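As a plain string of letters, each chain reads:
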Amino acid sequence: MIAVQSLTRHFGSIKAVDNISFTVDKGEILGFLGPNGAGKSTTMKMITTFLPPTSGTATVGGFDVINQPLEARAKIGYLPESSPSYRDMNVFDFLMFAAEVRGYDGDERLSRVKKIMETCNLKEVAYQQIDTLSKGFRQRVGFAQAFLHDPEYLILDEPTDGLDPNQKQEVRNLIKQMGREKCIILSTHILEEVEAVCSRAIIIGEGKIVADGSPEELRSRSKLHGAITLELIGVDARDALAGLEKVQFVDRVTDLTPSEEGGSEKNGKKVIKMRLFPMSGKSIAHETASFIHQKNWQVDGFTVEKGDLNEVFYNLTKGGVAR
Amino acid sequence: MRNFKAVLKRELKSYFESPVAYVFIVIFLLATSGCTFFISRFFENRIATLEPFFIWHPWLYLFLVPAVGMRLWSEERKSGTIELLFTLPITLWEALAGKFVAAWLFIGIALVLTFPMVLTVAYLGSPDYGIIFSSYLGSFMLSGAFLAVTCLFSAMTKNQVISFVISVVACFSMLMLGVGVFTDFLNRYLPVWLSDAISAFSFFTHYQGFQRGLIDSRDLVYFVSVIVFMLAANALVLERKKAE
């Protein structure tokens, strides 16, 4: 378990991280979300013992990062932002160095390094200087270094930054696979990534935790959550608006039909698009469906919105973004 | 200990994997022998001593040692690998000592490669091998002191050029405190005990002891304490600045 207790870090007069507390258990993949400069990296640097906190502390697997940094480090695999590595070394030598420092020697050291190079698809570049590798490969070298000792705790600072879509997918799969028996914290500003990978997300803004929950919970905070988007064929927009507003539990209806030129047609009939927002805490799918059935309208699309994480993110952190 | 060794090996290897090592060694060898033969006129002197060889070392080290050491920490800080290094289960002192000793050994290797000078003087006459040995030891200790100063300034900045320039200036000052021109100048204005005390802090004063064939424990203690002091300061600077 990683337990963070009132962690605070000042840089001069700026509070980069302001009294953050949370715990992460085994089997959890925690996504750290926040605009740039919100304090994600600073928090990670403190958990990995690199940066001493101004006040508060964290424990990793029971080891205090301030008083037992070496024991804590031994349990952590860390991928720093933009995955730095000794550029003048080749991949194999670099990993051998990491393995040596991680306490492996002899045959075990060699077999560890070979195994991790296989896992991270690094075999083809094993004897290439890291400096000459592409960003994707360098990122993999960073991963290999972090996973080498099969750590219980993984801390990954923007693990998919700068990768192409295929590589991103690869990395996400790898993280999901590892997440089953490990405790992972990853930071990102890509919201889809949180939805795809994380079991829980913490949004931080201006050094404080502004939201903590599963991606679904966070999404449900969105205004869009539970709204219904309808596409109807050959129905008059005014009729539809007036009718739908009377459906039980519907709070309001907005007309999303594109303007004349952009409007689409089907079988020569105009398609209109409406969005129904429910009253808070109510579900309107059934009511809406029976109303449409009763009117015998021709339906082209019917979507219950899950909510937009982008919107939640924006609303919670816009103070930080605007600054 | 194993981590110290791991850092040392990595560091030493990285010297030899880049052209820096070869450039340094070639220049060091050319410069030492060039100065010995063409400026100090080793042959014309007709004396079987390596004094004209060792007399140049402080002045060559002044530029070459900072060139070897300038990247030690500034490069780590600039490329961000320092974050990697200090989140591995390594203590600050293991990393610090590993890097320092690696660079020192590297200079030591360059120094050992000057052995043809010894062969030359042995072929031409019968030198005092005791003096040659103590001179080599002194030269090695001096390079260690220069290197420790360079390490300290290297930790202070991410910029290698700044780290080089400041190290050269600092080493130059430490050297000049004991050089004749400067001590004469001090003698004119300061009481003798004070100017003696100042020159006692100089690298040069302590280096000269070794050149006379004396392995004085005071000189050894001086160099060792300079190195330890500089590395301790280095550790403090790193603690404070590593994350910047």
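Being a predicted model, the structure only gives us computed values, none of them experimental.

**Concerning the domain arrangement of chain A**
Reports of interface size often rely on the accessible area that becomes lost once the parts have come together. The assigned domain composition of chain A is domain 1 (2–219) and domain 2 (228–305). Domain 1 of chain A and domain 2 of chain A are separated by 46 Å when their C-alpha centres are compared.

**Regarding the pairing of strand β3 (residues 29–33) of chain A**
Residues and elements named next belong to chain A. With 5 of 5 residues buried, β3 is to be regarded as a mostly interior element. Of the two faces of β3, the one holding Ile-29, Gly-31 and Leu-33 and the one holding Leu-30 and Phe-32 are both buried throughout. Inspection of the sheet shows β3 paired to strand β9 (residues 200–205) by 4 bridges, in the parallel sense. Residue Leu-30 lies in a different strand from β9, and its bridge partner there is Arg-200.

**Comments concerning unusual backbone geometry**
Not every positive phi belongs to a glycine, and A:Asn121 is a case in point at roughly 55°. Looking at the element boundaries, A:Asn121 is found in the loop between α4 (106–119) and α5 (135–147). Judged by the 14 C-beta atoms lying within 10 Å of it, A:Asn121 is partly exposed. Even without a glycine there, the phi angle at B:Arg46 is positive, about 55°.

**Brief notes about the nonpolar core**
Core analysis: the largest hydrophobic core is formed by 122 residues, its most contacted members being A:Leu95, B:Ala145 and B:Ala148. Among the elements that line this core, the one with the most residues is helix α10 (residues 129–156) of chain B, at 12 residues. Setting aside anything within four residues of it in sequence, one finds B:Ala145 in contact with B:Phe203, B:Phe223, B:Val226 and B:Ile227. Core analysis: the second largest hydrophobic core is formed by 13 residues, A:Ala227, A:Leu230, A:Leu232 and A:Val235 among them.

**Details of the interface of chain A and chain B**
Contacts between chain A and chain B engage 21 residues on the former and 18 residues on the latter. Elements that contribute at least two residues to the side of chain A that touches chain B include exactly α2 (69–75) and α3 (91–101) of chain A. If you tally residues by element for the side of chain A that touches chain B, the top one is α3(A), at 4 residues.

**Things to note about the sheet that holds strand β4 (residues 55–60) of chain A**
Remark on secondary structure: sheet strands pair via backbone hydrogen bonds, oriented parallel or antiparallel. Across the sheet, which stays open at both edges, the 4 strands sit in the order β2-β1-β4-β5 (chain A) with antiparallel pairing between neighbours. The sheet is open, and its two borders are formed by β2 (14–24) and β5 (63–64) of chain A, each paired with just one other strand.

**Quick look at the pairing of strand β10 (residues 208–213) of chain A**
Residue and element names in this part refer to chain A. Across 5 bridges, the pairing between β9 and β10 is antiparallel. Pairing of Ile-204 across the sheet is with Ile-209, part of β10. Remark: 2 residues form the turn of the hairpin made by β9 and β10, two consecutive strands paired antiparallel; Glu-206 in that turn has positive phi of roughly 50°.

**Describing the confidence of the model for chain B**
The predicted model of chain B has a mean per-residue pLDDT of 91, with 100% of residues at 70 or higher. Interface confidence for the predicted complex, given as ipTM, is 0.88, next to a pTM of 0.86.

Reading guide: rules and limits
- Counting restarts for each chain: residues are numbered from 1 in the order of the written sequence.
- Whichever chain is written first is A, and whichever ligand is written first is 1; the rest continue in order.
- The predicted nature of this model means local features are confined to residues of pLDDT at least 70 and side-chain atom pairs, given and counted, to a pLDDT of 80 or more, with totals for whole chains, interfaces and linings taken over all residues.
- Domain ranges listed in this record stem from an automatic or a database domain assignment.
- Backbone-placed C-beta atoms define the burial measure: a residue is buried with 20 or more other C-beta atoms within 10 Å of its own, exposed with 12 or fewer, and partly exposed in between.
- In DSSP terms, a helix is any run of H or I states spanning at least four residues, a strand is any run of E spanning at least two, and both are numbered starting from the N terminus.
- The pairing criterion for strands is at least two bridges between them, as found by DSSP.
- Nonpolar core, as used here: buried Ala, Val, Leu, Ile, Met, Phe, Trp, Tyr and Cys residues forming one set through C-beta atoms within 7 Å.
- For every residue pair, C-beta atoms are placed from the backbone, and the pair is scored as a contact if these atoms sit within 7 Å.
- For every residue, the pLDDT score states the predictor's confidence, bounded by 0 at the bottom and 100 at the top.

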